[in-house]
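What follows is the residue order along each chain.
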Amino acid sequence: MIFRASQLFLPTLRDDPADADAVSHKLLVRGGFIRQVSAGLWTFMPLGWRVHRKVEQIVREEMDAIGGQEILMPLLTPIELWETTGRANAANFAFRVEGHPYLLAPTHEETVTFHAREIQSYKQLPQLWYHFSVKDREEPRPRGGLLRVREFIMKDGYSFDRDDEGVKRSFEANREAYKKIFARCELEAYDVQAESGVMGGKFSVDFLAPSGSGENVLVRCENGDYAADGDIAQAVPHVPTFPETLVSAEEVVTPGITTCESLADFLGIDVAATSKAMPVTKPDGSVVLALVRGDDRLSEMKLYDALPGASRPSTDEEIRAAFGASGGSLGPVGFSGEVIADETLRDGQFVAGANKDGVHLRGVQAGRDFTPRFADLREPKEGDRCPLDGGHLNFQTAVEVGHIFNFGSFYSKPLEATFLDEDGQEKPLLGGSYGIGPGRVMAAIVEQHNDDNGIVWPASVAPYDVHVVALPGAEEIAEQAAEALSALGKDVLLDDRDQRAGEKFADADLIGCPMRITAGKKSLEDGKVDVRDRATGEERRLSVADLGKEAW
RNA sequence: CGGGGCGUAGCUCAGCCUGGUAGAGCGCUCGCUUUGGGAGCGAGAGGUCGUCGGUUCGGAUCCGGCCGCCCCGACCA
């Protein structure tokens, strides 16, 4: 089909919007793909919606290919369902409908499980249902254009199986479908073990796409054998240079020294040979000491895993009461509460606070001077090695473009979605959830596919296949070129506006269709047009007749 | 929710410090000339300066409240 730029609502902007920071945010707004309505609320303009639909269609095809069946569930969700599963109170991220017993669905596990109650027999399993629908979430802080929003369209799929084997099969089928989706979108994305959230199932995988702007850190081994979310990555730090070993811990006066760095300087030792004490207070009021190496940072996510429950950093008063000293001089020796030490502290002797202001202990050894529980607590950092093969680890900011996880009978039990199994037993359905946000995928694609002049869409998701630029005098030839391509089934954007050549070229680069065809003065002489590859900039001259013969 | 920044024309911004009644560039409309990488000349349209209140003879400008937006952090099925 041919689409005439002179008649489209395609407001491109010469300048970057003042409030944009992320590349995808700037380019999608400048290119006229999206417009902001309010914080985290966006309208997809005609061009942006075309791209969104292309991404959707790829997702749809891959879901159908693994037996998915498309449905559509309502946005309004009875709160009663959420009360039944116990999520009503936890759902502080949901928008309530004031005066009505509904909430605007932030996700659809409850609703889909409500329908799954119609499944009666193992003979009907497995099932895989999915829909594209609006999700509303009270995000604390929307940001980065489409990267984090309060309302968005999500493809959420849900599987129901009879046993663990089926669950695993459904999960892996979806994992593979997701890989195909990202490959078709030419989006570089990695499946990594997800941080264990509230669901906490062992099948919980995030798909992270490296991008210039994002909220996740993707940790990846140079050898390609390891990829993980920075929050839970198990990276191997360098081995510290230890000072001489002591038979027993001894005090050393360290006046005014409260940081590990200054402590190491003062003693002339490796910071990695010191330990850092992070006291936290549990909900019951007891103080637990988390201990990491002096050159490491405590990962709150890992601490949460090691110490379930909502613990928080202890207050100065609590620290004083529990240790008899202030922050900066704290250590495990002599502390009566629980100590959780990072694995890096298992072997070797470290300098630790002496629980006396201005005093530290050298030669402190786990097992001899204190008895900790060991856990992985450290935040991975640049310079760490791969836990599998010792390779160099790369750290990249990334966007979560998909999340798949298994929720077992978390919803089916309370909602009484059961089936009769082969053995005559009534059992709860075992569910899985598979989410992907086409809008976020769009933004991630732009993050990965752009240059100084604008977006470089992969052909599979480009708003149009070809952008035909008609320059003065050659309108006729441009029309012919557009017709020829349209006849081949291509979607053609024909720039027939009364604008300068430079402006048309700049817009074409910004909008980023994979191919640009220019008909101008030269075309009047030889009947040929310039065919330019957006990604490579390569240009060749072809006759309009040859356009149809070329492979695209 | 904590920290920081910003709200002036459709867009990007200046003016504010040192109060005197609003500007530039781009875009838009009309005319003429131009026309292969964001044209030139001429003539126009367009803003209750986020909002409410205070100080003042006088507020875009000074003071306070509120609202909105962006960034960092917290949070994130």
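Residues numbered from 1 in each chain as written. Chains lettered and ligands numbered in written order. Predicted model: local features only at pLDDT ≥ 70, side-chain atom pairs only at ≥ 80, totals over all residues. Heavy atoms only, no water.

Another aspect to go through is the protein's contact with RNA strand B. As a structural note, the neighbourhood of RNA strand B is formed by 42 residues, with Arg 14, Arg 137, Arg 500, Glu 503 and Asp 509 the closest of them. The sugar-phosphate backbone supplies 47% of the atoms of RNA strand B found within 4 Å of the protein. At a separation of 2.9 Å, a phosphate oxygen of RNA strand B approaches a polar side-chain atom of Gln 36. Counting only elements with at least two residues in the surface near RNA strand B, the list comes to strand E2 (34–38), helix H11 (501–511), strand E30 (515–519), helix H12 (521–526) and strand E31 (528–533). Classifying every residue of the surface near RNA strand B gives 14 nonpolar, 7 polar and 21 charged. (Near = heavy atom within 4 Å. Polar contact = N/O pair within 3.5 Å; in protein donor to acceptor, adjacent residues only side chain to side chain. Helix = DSSP H or I, 4+ residues; strand = E, 2+ residues; numbered from the N terminus. Nonpolar A, V, L, I, M, F, W, Y, C, P; charged D, E, K, R; others polar.)

Counting residues in hydrophobic clusters, the biggest one holds 54 residues, and the most contacted among them are Leu 28 and Trp 457. In contact with Leu 28, other than residues within four places in its own chain, are Phe 33, Ile 34, Leu 146, Met 442, Ala 443, Val 446, Ile 455 and Trp 457. Leu 103, Ile 119, Leu 125 and Trp 129 belong to the second-largest nonpolar core, a separate cluster that totals 21 residues. (Core = buried A, V, L, I, M, F, W, Y, C linked by side-chain atoms within 4.5 Å. Buried < 20%, exposed > 50% of the residue type's maximum accessible area, 1.4 Å probe, protein only. Contact = heavy atoms within 4.5 Å.)

The geometry of helix H1 (residues 23–30) relative to helix H9 (residues 438–448) is characterised by a closest axis approach of 8 Å and an angle of 105° between their N-to-C directions. By the angle between their axes, H1 is roughly perpendicular relative to H9. Only Met 442, Ala 443, Val 446 and Glu 447 of H9 make contact with H1, whose side of the interface consists of Val 23, Ser 24, Leu 27 and Leu 28. For the contact of H1 with H9, the class distribution of residues is 6 nonpolar, 1 polar and 1 charged. (Axes fitted to C-alpha atoms, helices over the stretch in contact; angles between N-to-C directions. Parallel < 35°, antiparallel > 145°, perpendicular 65-115°, else oblique.)

This next bit is on the domain arrangement of chain A. Annotation of chain A at the domain level lists domain 1 (36–233 + 395–438), domain 2 (250–375) and domain 3 (464–547). Computed over C-alpha atoms, the centres of domain 1 and domain 3 are 41 Å apart. (Domains from an automatic or database assignment.)

Now for the sheet that holds strand E5 (residues 76–78). If you walk across this open sheet you meet the 3 strands as E5-E7-E6, and the pairing is antiparallel. Taken across any chain shown, the strands that pair with only one partner, and hence form the sheet edges, are E5 and strand E6 (95–96). Inspection of the sheet shows E5 paired to strand E7 (residues 102–104) by 3 bridges, in the antiparallel sense. When the bridges of E7 are listed, Pro 78 appears paired with Tyr 102. (Pairing = 2+ DSSP bridges.)

This part takes up helix H4 (residues 109–116). Because an α-helix packs 3.6 residues into every turn, residues spaced three or four apart end up facing the same way. Along H4, 6 of the 8 residues are buried, which leaves the element largely enclosed by surrounding structure. Residues of H4 that are buried make contact with E5, helix H3 (79–85), strand E8 (127–136), strand E9 (151–161), strand E22 (393–408) and strand E25 (430–436).

Let's shift gears to empty space enclosed by the protein. Counted according to the given criterion, the structure contains 1 cavity of 30 Å³ or more. If you add up the space inside the largest cavity, you get close to 50 Å³. Along the walls of the largest cavity sit Ser 275, Leu 291, Pro 332, Leu 345, Phe 350, Ala 352, Val 364 and Phe 370, which together make up its complete lining. (1 Å grid on protein atoms, 1.4 Å probe; cavity = no way out; pocket = protein on both sides within 12 Å on 5 of 7 lines; lining within 4 Å. Points joined across faces, edges and corners; volume = space filled by probe spheres on them.)

Before going further, it helps to spend a moment on the sheet that holds strand E1 (residues 2–4). Read across the sheet, 6 strands follow the order E1-E29-E28-E30-E31-E32 without closing on themselves; strand pairing throughout is mixed. Each having just a single partner strand, E1 and strand E32 (539–543) make up the two edges of the open sheet. Within this sheet the neighbouring strands show an average axis-to-axis angle of 25°, counted without direction. As judged from the 4 bridges shared by strand E28 (residues 466–470) and strand E29 (residues 492–495), these two strands associate in the parallel manner. The residue bridging Val 469 from the neighbouring strand is Asp 495, located in E29. Across the face of the sheet, H11 comes into contact with E28, E29 and E30 while running at roughly 175° to E28.

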